[in-house]
Amino acid sequence: MAQEDVFKKLVAHCKEYGFVFQSSEIYDGLSAVYDYAQLGVELKNNIKKYWWDSMVKLHENVVGIDSAIFMHPTIWKASGHVDAFNDPLIDNKDSKKRYRADVLIEDLLAKFEAKMDKEVAKAQKKFGETFDEAQFRATNPRVLANKEKMDAIHARFVEALDKNDLVDLKQIIIDNEIACPISGTKNWTDVRQFNLMFSTDMGSTADGSSKIYLRPETAQGIFVNYLNVQKTGRMKIPFGIAQIGKAFRNEIVARQFIFRMREFEQMELQFFVRPGEEMKWFNAWKETRMSWHRALGFGEDKYRFHDHDKLAHYANAATDVEFKFPFGFKEVEGIHSRTDFDLKQHQEYSGKKIQYFDPELNKSYVPYVVETSIGVDRMFLQIMSEAYQEEKIEKEDGKVDERVVLKLPPALAPVKLCVMPLVKKDGLPDKAREIIDDLKFDFNCQYDEKDSIGKRYRRQDAIGTPFCVTLDHQSLEDNTVTLRYRDTMAQERVEISKLYEIIKSEVSMKELFKKLK
Ligand code: ATP
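Small disclaimer: the values here were computed from a predicted structure and weren't measured.

Here is what the cut-offs are and how they apply
Residues numbered from 1 in each chain as written. Predicted model: local features only at pLDDT ≥ 70, side-chain atom pairs only at ≥ 80, totals over all residues. Heavy atoms only, no water. Domains from an automatic or database assignment. Contact = heavy atoms within 4.5 Å. Buried area = accessible area lost by both parts, 1.4 Å probe. Salt bridge = Lys/Arg side-chain N within 4 Å of Asp/Glu carboxyl O. Polar contact = N/O pair within 3.5 Å; in protein donor to acceptor, adjacent residues only side chain to side chain. UniProt positions renumbered as here; feature names shortened; annotations may be inferred. Helix = DSSP H or I, 4+ residues; strand = E, 2+ residues; numbered from the N terminus. Pairing = 2+ DSSP bridges. Axes fitted to C-alpha atoms, helices over the stretch in contact; angles between N-to-C directions. Disulfide = S-S within 2.5 Å. Buried < 20%, exposed > 50% of the residue type's maximum accessible area, 1.4 Å probe, protein only. Phe/Tyr/Trp six-rings, centres within 6.5 Å; stacked < 30°, edge-to-face > 60°. Near = heavy atom within 4 Å. Areas by Shrake-Rupley, 256 points an atom, 1.4 Å probe, with all protein chains shown as cover. Nonpolar A, V, L, I, M, F, W, Y, C, P; charged D, E, K, R; others polar. Core = buried A, V, L, I, M, F, W, Y, C linked by side-chain atoms within 4.5 Å. Parallel < 35°, antiparallel > 145°, perpendicular 65-115°, else oblique. Left-handed = near helix turned anticlockwise from the far one by under 90°.

### Focus on the domain arrangement of the protein
For the protein, the assigned domains read domain 1 (1-71 + 197-396), domain 2 (86-195) and domain 3 (410-513). Just the C-alpha atoms count here: the centres of domain 1 and domain 2 sit 27 Å apart. In this assembly, 11 residues from domain 1 lie in contact with 15 residues from domain 2. Taking both partners together, domain 1 and domain 2 bury about 1100 Å²; carbon and sulfur atoms supply 53% of that area. In terms of surface lost to domain 2, no three residues of domain 1 exceed Ile252, Asp309 and Lys310, which account for 55% of the buried area on that side. Summed over the shared surface of domain 1 and domain 2, the result is zero salt bridges. Between domain 1 and domain 2 we count one residue pair in polar contact (both at pLDDT 80 or more) in total.

Structure below.
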């Protein structure tokens, strides 16, 4: 099945089974805003817990905060967001559709890369075991021609971004004949800058209201609390402050479901270090964060780092963790060395000294900052797109059955077990309820007595429940049940008293944490 079809099915599945709904659906929806439904919120909470505990619980020198969304408006002046949090936008005059100019060019570059990969794959098939990819890439004329074209466009693109040259950004689009995917024409407007921050008014106009912003990142809430946390927590550098919270961006092109939303959630760590040690920590956090992703077991080839072409105004190094979504490799997390830019700016704009006295060096300085910033929603999409699978199952009678199964990492699954009495009578429902009453303090449980056992299993497969527990008449006699495993569909007879240990060993986050570097 084409990857795009898989993605469409996944979006439909998220709605059908109560993971994600379009916001305000009964009013025809609000563009690029989504609500998490009854199962989605459980998965989302588990993702947040996996991140929070891996940061705050597992690092002695990391603490968390929860700062307000509304902040003093000068903060956004100091941080540079009022003047520079812009995207270059361009409109197609025929389709009236709006695009990010940089994204149109990046998509073009990705096409060159795809062409080269195709050549490599073809040659690999032809030469088999003896194929030397590096040599092929260095010598094949078609690959080299594409690479030369791609590098030239890339160099020009980076220069235009660096110089903020909007005229040349447009010219790159014209020169490379990039067409609007909707109208197919190359009839473009000029490129303009567009600020992504939402604003609103605080206070009544009679009092003299002030314009405030909905934060476009959670980071600034950490920077302006740096002094408070450092002092009250008696934190010693290096140390970090973690935060999870909503952020808002008036994205020009909001598409691909929850990949790009106007209201989303971030999990950010700002790690404060000695000046001059930031690259050491930047590299250390790159490794730590990659191991956090890989611990989920989706496969090494699903991730890569992508270094930024253009550094943000505050950074001296930046890379993205990219994940292979059904629509290609895309950013899920940014890791940035933010220098002392933010703290220095807040020092200047607030007039308060923001420094750290380092007893070992016997001097004061403004700390440098390494940031790791990941979107909860993109992580959610990553997990769902990896977990969603359609399987064919050969039955004993030779017929082929199909099932849709969410192979969610058990520690993140919204429901951990479903308890099912084989029949709705003879005391089986009561016995099933007893099991739930015992296990509900530790695990999210469901109870299901409706339809055939097969149908009930399929329902749980579709929401990613790792365990199903079935009771039959024998259960009343010897206190054993059938335990069914989601992924293998294997079944075993176990004692009810053993359920807790078996389930815990599979669904505990500890197993994920043990894999972390
Ligand atoms: P992009 O280039 O995709 O716009 P970004 O580089 O602007 O992303 P950052 O400012 O580094 O993103 O934000 C950190 C993380 O927050 C991203 O890696 C992403 O996971 C998440 N994020 C950013 N913008 C959005 C959005 N509009 N919707 C959902 N998640 C987002």
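Alright, that's what it looks like, and here's the rest.
### Some details on the UniProt feature "binding site: substrate" (unreviewed entry) in the protein
Residues annotated in UniProt with the feature "binding site: substrate" (unreviewed entry) correspond here to Arg100, Glu217, Phe264, Glu265, Gln266, Met267, Glu268, Glu371, Thr372, Ser373, Ile374 and Gly375. Across 276 residues in sequence, these annotated residues place their C-alpha atoms as far as 25.3 Å from one another, rather than forming a single compact spot. If you trace the backbone, Arg100 turns up in strand S5 (residues 98-100). Every residue in contact with Arg100, bar those within four places of it in the chain, is listed here: Asp87, Pro88, Glu251, Ile252, Val253 and Arg260. A polar contact of 3.5 Å, which involves the side chain of Arg100, links it to the side chain of Asp87.

### Looking at the sheet that holds strand S6 (residues 192-195)
Strand order in the open sheet made by the three strands is S5-S4-S6, with antiparallel pairing throughout. Every interior strand has two partners, whereas the edge strands, S5 and S6, have only one. Sheet twist, expressed as the average angle between the axes of neighbouring strands with direction ignored, equals 45°. Pairing of strand S4 (residues 86-91) with S6, which is carried by four bridges, proceeds in the antiparallel orientation. Bridge pairing in S6 links Asp87 to Phe194. Across the face of the sheet, helix H8 (residues 166-175) comes into contact with S4 and S6 while running at roughly 45° to S4.

### Structural notes on the state of the cysteines
Throughout the structure, instances matching the rule amount to zero disulfides. Free cysteine Cys418: the closest other cysteine sulfur is in Cys468, separated by 5.5 Å. Assessed through its relative accessible area of 0%, Cys418 is described here as buried. On the basis of relative accessible area, Cys468 is assigned to the buried category, the value being 1%.

### Considerations on the packing of aromatic side chains
Taken as a whole and assessed by the stated rule, the structure comprises 24 aromatic pairs. Consider the rings of Phe239 and Phe272, whose centres lie 5.3 Å apart with planes at 35°: the pair is tilted. Separated by 33 residues along the polypeptide, Phe239 in strand S9 (residues 239-248) and Phe272 in strand S10 (residues 263-273) bring together distant segments of the chain. Residue classification places Phe239 among the buried residues on the basis of a relative accessible area of 0%. Accessibility expressed as a relative area gives 0% for Phe272, which makes it buried. Three or more aromatic residues joined by ring pairs make a cluster, and in this case those are Phe7, Phe259, Phe298, Tyr303, Phe323, Phe325 and Phe327.

### Some thoughts on the site of the ligand
Near the ligand, the surroundings consist of 16 residues, among which Glu251, Arg260, Met261, Glu331 and Val332 are the closest. The separation between an oxygen atom of the ligand and a polar side-chain atom of Arg249 is 2.9 Å. Within the backbone of Gly375, a nitrogen or oxygen atom sits 2.9 Å from an oxygen atom of the ligand. Coverage of the ligand by the protein chains reaches 86% of its 590 Å² of free accessible surface. Elements with a minimum of two residues in the shell around the ligand: S10, strand S13 (328-339) and strand S16 (368-375). Considering each element in turn, the shell around the ligand owes the most residues, five residues, to S13. Classifying every residue of the shell around the ligand gives four nonpolar, five polar and seven charged.

### Focus on helix H12 (residues 341-350)
If you check which residues of H12 are buried, you get Asp342, Leu343, Gln345, His346 and Gln347. A positive backbone phi angle near 75° is found at Gly351, which sits one or two residues after H12.

### Topic: the environment of Ala411
Take Ala411: it is sitting in the loop between strand S18 (400-406) and strand S19 (417-421). The sequence separation of Ala411 and Ser508 amounts to 97 residues, and the corresponding C-alpha distance is 5.5 Å. Not counting the four nearest positions on each side in its chain, Ala411 is found in contact with Asn46, Lys416, Glu506, Val507, Ser508, Met509 and Leu512.

### Looking at the nonpolar core
Judged by nonpolar contacts, the single largest core of 62 residues is most densely connected at Phe19, Val20, Tyr50, Trp51, Ile258, Phe380 and Met384. If you tally residues by element for this core, the top one is helix H13 (residues 376-387), at seven residues. Residues from two domains meet in this core; each of domain 1 (1-71 + 197-396) and domain 3 (410-513) gives at least three. Not counting the four nearest positions on each side in its chain, Phe19 is found in contact with Cys14, Asp35, Tyr36, Ala37, Leu39, Gly40, Leu43, Phe380, Met384, Leu406, Pro414 and Ile463. Counting residues in hydrophobic clusters, the runner-up holds 26 residues, among them Leu161, Ile178, Trp188 and Val191.

### Section: the packing of helix H5 (residues 101-127) against helix H7 (residues 141-162)
Here H5 crosses H7 at 160°, and the two axes come no closer than 10 Å. In terms of their interaxial angle, H5 and H7 are classed as roughly antiparallel. Crossing of H5 over H7 shows left-handed handedness. Between H5 and H7, the residues in contact are Asp102, Ile105, Glu106, Leu108, Leu109, Phe112, Glu113, Lys115, Met116 and Glu119 and Arg142, Val143, Asn146, Lys147, Lys149, Met150, Ile153, His154, Phe157 and Leu161, respectively. Along the lines of polarity and charge, the residues of the contact of H5 with H7 split into 10 nonpolar, two polar and eight charged.

### Details of the side chain of Gln243
Of note, Gln243 is situated in strand S9. Residues contacting Gln243, with those up to four places away along its chain left out, are Trp51, Trp52, Ile65, Asp66, Ser67, Arg215, Thr218, Gly221, Ile222, Gln266, Met267 and Glu268.

### Notes on the sheet that holds strand S11 (residues 303-307)
With mixed pairing, the seven strands of this open sheet are ordered in space as S3-S9-S10-S16-S13-S12-S11. Of all the strands in the sheet, the pair left with one neighbour each is strand S3 (62-65) and S11. Averaged over all pairs of adjacent strands, the angle between strand axes in this sheet comes to 25°, irrespective of strand direction. Across four bridges, S3 lies against S9 in parallel orientation. Counterpart to Val63 in the pairing with S9 is Ile241.

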